[in-house]
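Residues per chain are reported as follows:
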Amino acid sequence: LEIESRLEALGLALPAPPKVASHIRLPFSFVRVRGNRAFIAGHVALNADGTIAGPFGKVGADLTVEQAYESARLTALAVLGSLKRELGDLNRVTCWLRLFGMVNAAPGFTDLPPVINGFSDLILELYGQERGQHARSAVGMASLPFDSPVEVEGEVEIT
Amino acid sequence: LEIESRLEALGLALPAPPKVASHIRLPFSFVRVRGNRAFIAGHVALNADGTIAGPFGKVGADLTVEQAYESARLTALAVLGSLKRELGDLNRVTCWLRLFGMVNAAPGFTDLPPVINGFSDLILELYGQERGQHARSAVGMASLPFDSPVEVEGEVEIT
Amino acid sequence: LEIESRLEALGLALPAPPKVASHIRLPFSFVRVRGNRAFIAGHVALNADGTIAGPFGKVGADLTVEQAYESARLTALAVLGSLKRELGDLNRVTCWLRLFGMVNAAPGFTDLPPVINGFSDLILELYGQERGQHARSAVGMASLPFDSPVEVEGEVEIT
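Residues numbered from 1 in each chain as written. Chains lettered and ligands numbered in written order. Predicted model: local features only at pLDDT ≥ 70, side-chain atom pairs only at ≥ 80, totals over all residues. Heavy atoms only, no water.

Draft legend 1. Representation of the relation of the copies chain B and chain C in the model. Between chain B and chain C, which share one sequence, the superposing operator has a rotation angle of 120 degrees and an axial displacement of 0.0 Å; the RMSD is 0.0 Å. Taken together, the turn and the small shift mark the pair as related by a three-fold rotation axis. Considering only C-alpha atoms, the part of chain B nearest the rotation axis is Ala142(B), at 2.9 Å. (Least-squares fit on C-alpha atoms with pLDDT ≥ 70 in both.)

Below is the structure:
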């Protein structure tokens, strides 16, 4: 339970499963496992109880880069929560492969990598450089569900 | 031919191959197969004859969520048409893995999951929960080719 | 060294590694290799010395389709540069699988496939139809890092 010990040592807890208003149907898997591959659905930042976490809106207008970095970090915790529920143990992630980082960008806002660093930094802190390294994009979207500032999807290898 | 019987039972037919104006070059594969992996290029809704299907424009301004849901459903049929042409038989899709759902979003439009549900619902209806489940994103784009309201790309496992 | 001979025959040279201002942290791998899979991070056009190449801005406003096509072609060279550094030899790419092409699109600009053709055309020219073919998307983003006009990420198979 090495990864979970590290989370605890950092004072971090995984959020409850995503909880959305009852009229919103999300007919997909937050993590789809097949063989040694785990596909991660688009995740957003969650509060401890699984409700969607604010602040909401466009980075560069409604949120600063620092606030969006924190949202990306919470998004990583949401992803780790989904992986933990699906896999039972976060050590089953043998390596991170690909992250696609999406920012709800205000017109003209291009400071996108520093935002998604909030996700990458936590993964590297927990899994180390060897297992945690990943190919990544950090790009600006016209809009994201729930008006979340950040959404990330990707793929990891599991055992 | 179980999947194709279900399509027929639902009164659905697969469209002809995508047909675009002759000056538009699309130098890529709609489905790229390698081993047991099939990568699905970005698809949009098609008419029965393969021409790009309207209505066109931005969801939340030019189209309602209901119209965009229907476009996402037609996009799933277009993808199934490409898979059928490439694989010969839709039963060769052993499971769905990942879908990346893109919505041509009007400024401020964030009701994205209900749009892409039009794709997911049809896949689950045809393939069932076990084979059909997939990791998914539903995000807002600045623009899409042909001003289509919805585009979806992804990956499936094949036999 | 067949692929590199073809590059040379076309009068093309691979750019130096991406070079960005020292305050910008990019804590990810430009290429993440695992087994026979290589994941390509989002790349943009580079100058020969690895600095980010202009022209910058929105395609359809600040850049023409022709200029953006050239940016997509330079993006392919940047990707090939990263693959060369990671793999040692571009012949180790046994086939191209998936490309996700992103265009920094001006409002209302939908002429996206002709832009990303700048990437696809070069790959097909170098690797041929069999190895070079790929599933692809070409979509419009709200913004891209460095205000680059084009960014592409994807996956290839390697030996």
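Draft legend 2. Inspection of the packing of aromatic side chains at higher detail. Inspection of the entire model under this criterion finds 12 aromatic pairs over all chains. Between Phe28(A) and Phe30(A), the aromatic rings sit 5.4 Å apart at their centres with planes inclined by 70 degrees, giving edge-to-face as the arrangement. On the basis of relative accessible area, Phe28(A) is assigned to the buried category, the value being 14%. Measuring from centroid to centroid gives 6.4 Å for Trp96(B) and Phe119(B), while their planes differ by 75 degrees, and the two rings are edge-to-face. Of the two residues, Trp96(B) is situated in strand S3 (residues 93-104) and Phe119(B) in helix H3 (residues 113-132); the sequence distance between them amounts to 23 residues. One exposure class covers both Trp96(B) and Phe119(B), and it is buried. An aromatic cluster is built from Trp96(A), Phe119(A) and Tyr127(A), whose rings are joined through pairwise contacts. (Phe/Tyr/Trp six-rings, centres within 6.5 Å; stacked < 30°, edge-to-face > 60°. Buried < 20%, exposed > 50% of the residue type's maximum accessible area, 1.4 Å probe, protein only. Helix = DSSP H or I, 4+ residues; strand = E, 2+ residues; numbered from the N terminus.)

Draft legend 3. Geometry of the interface of chain B and chain C. Facing 24 residues of chain B, the contacting portion of chain C comprises 31 residues. Each partner contributes to the roughly 2,100 Å² buried at the junction of chain B and chain C, and carbon and sulfur atoms together form 51% of this total. On the surface where chain B and chain C come into contact, there are four salt bridges. Salt-bridge contacts for Arg34(B) lead to Glu157(C); the nearest nitrogen and oxygen are separated by 2.8 Å. Connecting chain B to chain C are 16 residue pairs in polar contact (both at pLDDT 80 or more). Secondary-structure elements contributing two or more residues to the side of chain B that touches chain C are strand S1 (31-34), strand S2 (37-43), S3 and strand S5 (150-158) of chain B. (Contact = heavy atoms within 4.5 Å. Buried area = accessible area lost by both parts, 1.4 Å probe. Salt bridge = Lys/Arg side-chain N within 4 Å of Asp/Glu carboxyl O. Polar contact = N/O pair within 3.5 Å; in protein donor to acceptor, adjacent residues only side chain to side chain.)

Draft legend 4. Molecular detail of unusual backbone geometry. With an omega of 0 degrees, the peptide bond running from Gly54(A) to Pro55(A) counts as cis. Structurally, Pro55(A) is set in the loop between strand S2 (37-43) and helix H2 (65-87).

Draft legend 5. Spatial organisation of the side chain of Glu153(A). Looking at the secondary structure, you find Glu153(A) in strand S5 (residues 150-158). For Glu153(A), a relative accessible area of 2% corresponds to the buried category. Side chain to side chain, Glu153(A) and Arg98(B) meet in a polar contact 3.2 Å long. Once residues lying within four places of it in the same chain are set aside, the contact partners of Glu153(A) are Ile40(A), Ala41(A), Gly42(A), Arg98(A), Leu99(A), Phe100(A), Met102(A), Arg98(B), Phe100(B) and Ser137(B).

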